[in-house]
Amino acid sequence: MMNRFGYRLFLNVAFRFVTTAVLIASVAVLTVPAVTAASSQNNDIRDSMVKIYSVQIEPYYYDPWSMNRPTLSSGSGCVIEGRRILTNAHIVSDHSFLQVRRHGDPTKHTAKVIAVSHAADLALITVEDKSFFDDIKPLKLGDLPEVQQEVTVYGFPQGGDTLSITKGVISRIEHDAYAHSSIELLAVQIDAAINSGNSGGPVVIDNRVSGVVMQYLEDSENIGYMVPTPVIKHFLAVLADGRYDGIPEDGIVIQSMENQSLKKMYSMQRRQTGVLVLKVLPGAPAEGVVKPGDVIVSVDGQVVADDGTIEFRPRERTSSAYLVQQHQIGKKLELEVLRRGRKKTLSVVLNRAVGSLDLVARERYDVRPTYFIYGGLIFVPLTQNYLMSWGEDWYNDAPKNLVALFNYGQPTVEGEEAVILSKVLPAEVNGGYHDYSDLRIVKANGKRIHRLRDLI
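Residues numbered from 1 in each chain as written. Predicted model: local features only at pLDDT ≥ 70, side-chain atom pairs only at ≥ 80, totals over all residues. Heavy atoms only, no water.

K.L.:
Would you mind going over the overall build of the protein chain with me for this structure?
P.N.:
When helices and strands are counted, the protein chain shows nine helices and 30 strands. Expected size for 456 residues packed as a compact globule is a radius of gyration near 23 Å; at 25 Å, the protein chain falls within 12% of this value. For the protein chain, the spread of C-alpha atoms along the principal axes amounts to about 80 × 70 × 40 Å. Residues counted as buried form 50% of the 456 residues belonging to the protein chain. Intrachain contacts of the protein chain at a sequence separation of at least 6 include 63% that bridge at least 24 residues. Split by element, the accessible area of the protein chain, about 22900 Å² in all, is 49% carbon and sulfur. Here the protein chain holds 48 positive side-chain charges and 51 negative ones, and the gap between their average locations is 6 Å. (Helix = DSSP H or I, 4+ residues; strand = E, 2+ residues; numbered from the N terminus. Rg over C-alpha atoms; globule rule 2.2 N^0.38 Å. Buried < 20%, exposed > 50% of the residue type's maximum accessible area, 1.4 Å probe, protein only. Contact = heavy atoms within 4.5 Å. Areas by Shrake-Rupley, 256 points an atom, 1.4 Å probe, with all protein chains shown as cover. Lys, Arg positive; Asp, Glu negative; His and termini not counted. Charge placed at Lys NZ, Arg CZ, Asp CG, Glu CD.)

Structure below.
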């Protein structure tokens, strides 16, 4: 599966069953070498590995009352504390049936999802049969790795059915788009050999999990990405109260201030750096606190550069959004701004999850489409799922007016969604309108339409 950023998810999808020929070979007696400490550690990790089998049925958003055909896919996961299996969200999204199999065990066990973060492409699943976890030593999470550190990747990629182990190094650490959610979070680039089926597999350093494989860059040479431990630990910490609230966002639209004339216009001193606030989205946590024209110079005490980055480790930079995303929903974010040349300290309560302020919803999972039919006219809220009805290259093939709304549209009131006339089911009552499709509905009977329920 590929999204608009050109990334592919490491999901091994089978659209049909293939008959496998069984070969009979001669058996040779081998001398088994002594077990070393390194191989013993390797075996501990192998014992914690599981292969995940998922039957997924996605809604067909162009005909929102119908479903696509089921697909059988597989991915990887590892056992962590609490009888839980850590994996990717895209492995279990829209699933109708889920099974797992331990490394070296031929038996498949029915599994269920405990929690999922589609934004961070992470999920926790478990098996009700507690004996499944007998003799498994749960893997522990490590810290954010260093660039050029060597890693070992475990998983069940295509090309075979047994566990695959490959090695590589950490190439880069910065914010990047997650293909599953189109949201930019901290991501780690690795050069280990990985392909379809590696999704959800652990990336291990010193016998600890440093990340979870999630995607690779299309048409590239060994450029893969993993969800790093800071994002994983945030996911697990949010679940501590038994409920997943999501990753927060502040709802501030910013512009870089690398232009010296712009900095002079906003009364910035020679060595001051920061980003300009263009807009605060309706209903955002920062609404009424931060104002357009403010210059954000620091977030939680960290200096913000003119390009919007912060130094999260010596000589390593990433988006200032990292500091926002490290908080939990409901926590406070401290901002220092320049307002008309004077410094002010502001406090923002992060009470909205990332993506909840979008005019056009990013790709949705585990929900059915919303739609309304009146007089044969089909009305739907515009979503990325709807645009993806145009196929893998939807970004270029879908109607340009709708793609523009997805890219640049912003709500004018809290909770606004773009409502469109999807198409018309021809009938006598709607004569003269049969060719109308993919038009945004702005008003109905003179009343402004901000969401589908307004139209209904």
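K.L.:
Can you walk me through the pattern of salt bridges in this structure?
P.N.:
Oppositely charged side chains can form a pair if their charged atoms are brought close together. In total, this model carries 15 salt bridges according to the counting rule given. Residue Asp294 is joined to Arg339 by a salt bridge in which the shortest nitrogen-to-oxygen separation is 2.8 Å. A residue pair is termed long-range when its members are at least 10 positions apart, and Asp294 in the loop between strand E18 (275-280) and strand E19 (295-299) and Arg339 in strand E23 (residues 332-339) qualify at 45 residues. Each member of the pair, Asp294 as well as Arg339, is classed as buried. Ionic pairing is found between Glu414 and Arg352, a salt bridge with its closest N-O pair at 3.3 Å. Taken as a pair, Glu414 in the loop between helix H8 (400-408) and strand E27 (419-424) and Arg352 in the loop between strand E24 (342-349) and strand E25 (372-374) lie far apart in primary sequence, 62 residues in all. When its relative accessible area of 17% is taken as the criterion, Arg352 is described as buried. (Salt bridge = Lys/Arg side-chain N within 4 Å of Asp/Glu carboxyl O.)

K.L.:
Looking at this structure, I do not really get the packing of aromatic side chains. What am I missing?
P.N.:
Centre-to-centre distance and the angle between the planes together describe a pair of aromatic rings. The tally for this structure, following the rule as stated, stands at 13 aromatic pairs. Aromatic pair Phe132 and Phe133: ring centres 5.1 Å apart, planes at 85°, arrangement edge-to-face. Neither Phe132 nor Phe133 differs from the other in exposure class; each is buried. Seen in terms of ring centroids, Phe235 and Tyr244 are 5.3 Å apart; in terms of plane orientation they differ by 70°. Their pairing is edge-to-face. (Phe/Tyr/Trp six-rings, centres within 6.5 Å; stacked < 30°, edge-to-face > 60°.)

K.L.:
What should I look at first to understand the nonpolar core in this one?
P.N.:
Generally speaking, a soluble globular protein has its nonpolar side chains buried in company with each other. Among the nonpolar cores identified, the biggest contains 69 residues, and Leu86, Leu122, Ile190, Ile232, Val290, Ile296 and Leu335 are the most heavily contacted of them. Per element, the largest residue contribution to this core is five residues, and it comes from strand E13 (residues 184-190). Leaving out residues up to four positions away in the same chain, Ile190 has contacts with Val151, Val153, Val169, Ile170, Ser171, Val203, Asn222, Ile223, Gly224, Tyr225 and Met226. Counting residues in hydrophobic clusters, the runner-up holds 16 residues, among them Ile378, Trp394, Val403 and Ala418. (Core = buried A, V, L, I, M, F, W, Y, C linked by side-chain atoms within 4.5 Å.)

Note that every value here comes from positions in space, so none of it alone points to a role or purpose.
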